[in-house]
Amino acid sequence: MPARNTPMYWGWVAKSFHWLMFALIVGAWFAFEQHEDFPKGSTERAEWMNLHRAFGASVFFLVWLRLAWRFSGPAPDSVITSKWQHRAAEGVHWALYFLMIMMPLSGLLMSQFDGRVVSWFGVFDIPVFLSENKPLAEQLKGLHEDVWWPLLLTLIGLHVAAAVWHQFIVKDGVLKRMLPFTSRS
Ligand code: HEM
Ligand code: HEM
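Residues numbered from 1 in each chain as written. Chains lettered and ligands numbered in written order. Predicted model: local features only at pLDDT ≥ 70, side-chain atom pairs only at ≥ 80, totals over all residues. Heavy atoms only, no water.

To continue, consider helix α3 (residues 83-114). The end-to-end C-alpha separation of α3 is 46 Å, in line with the 46 Å expected for 32 residues at 1.5 Å each. Looking at the residues trailing α3, positive phi occurs at G115, about 75 degrees. (Helix = DSSP H or I, 4+ residues; strand = E, 2+ residues; numbered from the N terminus. Expected span 1.5 Å × (residues − 1).)

Structure below.
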C-alpha cells in the first residue's frame, strides 16, 4: 500500500492519521465518562482524568503532523458528483481539523490557567508556563464542554452519516478508500 495518496485511494500515512485520531478522540471521551463514575477526590477519578488529558494532548500534538502531511501532496480526486455535496463535505472536513485543534487547546489552556501540570501517560510532563487565572480557566471550561464538544459531536455525526450513506446508498466507494488495507491507483 503506498504511503502517498493516489488519485483513487488515501495512502497508508493519511489512513493511519485518520484512524489513530479517531481512536484518541474516542479514548478522551471514554476516559472522561469513566471518571464520572468515581466520587470527587478519589484516586480513580483523578487517574481517568489524567488519561483524558493525555489522550487529548496527543490529539493536539498529532494534528499538526497530520495537517503538514495533508498539505504535502494532493488528496485523492473527489468522487462526489454534486457540487453542493462536495462543498459540504470539504466544509465539514476543515471544520473537523479546526476542532481537532480547538478542543485540546481549550483543555490545555484550562490546565495552564488552573496551575495544573499535565502528564502525558507518565512519560513526560507539560509544565505550567502561564500565570494562574481561575476565572479564565472557568471560561475555557465552558468553551471546551459547551461549545467545542457539542460542535465536534454534531460534525462527527454528520461525517459518519455521510460515510455510511455513500457506502450503502450511493455505493461510490468513498468509505472503502479510507479503510485500512484497501489500495488501488
Ligand atoms: C480532542 C481532545 C479532547 C476531547 C474530545 C475532550 C472531550 C471532553 C469532554 C466530552 C468533556 C466533558 C464535557 C461534558 O461535561 O459534557 C471534557 C471535559 C474536560 N476536559 Fe476534555 N477533551 C479533550 C482534550 C482535553 C485536554 C487536552 C485537556 C487538558 C489538558 C482536557 C481537560 C478537560 C477538563 C479539565 C474537563 C472538565 C472536567 C470536569 O468537568 O471536571 N480535555 N472534555
Ligand atoms: C473522531 C472522528 C473523526 C474525525 C475527526 C474525522 C475526520 C476526518 C477528516 C478531517 C477527513 C478529511 C481528510 C482530508 O481531506 O484531509 C476525513 C475523511 C474521511 N473520513 Fe473521517 N473522521 C472521523 C471519523 C470517521 C468515521 C467513524 C468514519 C467512517 C464511518 C470516517 C470516514 C471517513 C472517510 C470515508 C473519509 C474520506 C472522505 C473522502 O475520501 O473524500 N471518519 N475524516
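Turning to the packing of aromatic side chains, a few remarks are in order. Taken as a whole and assessed by the stated rule, the structure comprises 10 aromatic pairs. Centroid distance F71 to W94: 5.7 Å. Interplanar angle 10 degrees. Geometry classified as stacked. Within this pair, whereas F71 is found in helix α2 (residues 43-71), its partner W94 is found in helix α3, the two being separated by 23 residues in sequence. Taking relative accessible area as the criterion, F71 reaches 62% and is therefore assigned exposed. (Phe/Tyr/Trp six-rings, centres within 6.5 Å; stacked < 30°, edge-to-face > 60°. Buried < 20%, exposed > 50% of the residue type's maximum accessible area, 1.4 Å probe, protein only.)

It is worth spelling out the side chain of H166 at this point. As for its position among the elements, H166 is in helix α4 (residues 134-170). Assessed through its relative accessible area of 7%, H166 is described here as buried. Aside from chain neighbours lying at most four places away, what touches H166 is I80, K171, D172 and V174. (Contact = heavy atoms within 4.5 Å.)

Another aspect to go through is the site of ligand 2. Inspection of the region around ligand 2 gives 18 residues, with W10, H18, R70, Y97 and H159 positioned closest. The separation between a nitrogen atom of ligand 2 and a polar side-chain atom of H18 is 2.8 Å. Measuring from an oxygen atom of ligand 2, one finds a side-chain N or O atom of R177 at 2.9 Å. A breakdown of the residues in the shell around ligand 2 according to their chemical character gives 12 nonpolar, three polar and three charged. (Near = heavy atom within 4 Å. Polar contact = N/O pair within 3.5 Å; in protein donor to acceptor, adjacent residues only side chain to side chain. Nonpolar A, V, L, I, M, F, W, Y, C, P; charged D, E, K, R; others polar.)

Distances from the iron atom of ligand 1 to its protein donors, namely H52 (NE2) and H144 (NE2), fall within the range 2.0 Å. Note on H144: relative accessible area 12%, which makes it buried. (Donors = N, O, S within 2.8 Å, 3.2 Å for Na, K, Ca; no water.)

This next bit is on the pattern of salt bridges. Side chains that carry opposite charge are capable of pairing whenever their charged atoms lie near each other. Under the criterion given, the structure shown has one salt bridge. Between D114 and K134 there is a salt bridge; the shortest N-O distance is 3.3 Å. In this pair, D114 sits in helix α3 while K134 sits in helix α4, placing the two residues 20 residues apart along the sequence. We classify D114 as partly exposed; its relative accessible area is 27%. (Salt bridge = Lys/Arg side-chain N within 4 Å of Asp/Glu carboxyl O.)

On to the side chain of H35, then. Residue position: H35 is located in helix α1 (residues 12-35). Other than its neighbours up to four places away in sequence, H35 contacts R45, W48 and M49.

This brings us to the nonpolar core. Within the largest apolar cluster, 24 residues are counted, with the highest numbers of intra-cluster contacts made by M21, V59, V63, L96, M100 and L152. When residues of this core are traced back to their parent elements, those giving at least two are α1, α2, α3 and α4. It is α3 that contributes the most residues to this core, eight residues altogether. Apart from residues no more than four positions distant in its own chain, V59 is found in contact with M21, L24, I25, M100 and P104. (Core = buried A, V, L, I, M, F, W, Y, C linked by side-chain atoms within 4.5 Å.)

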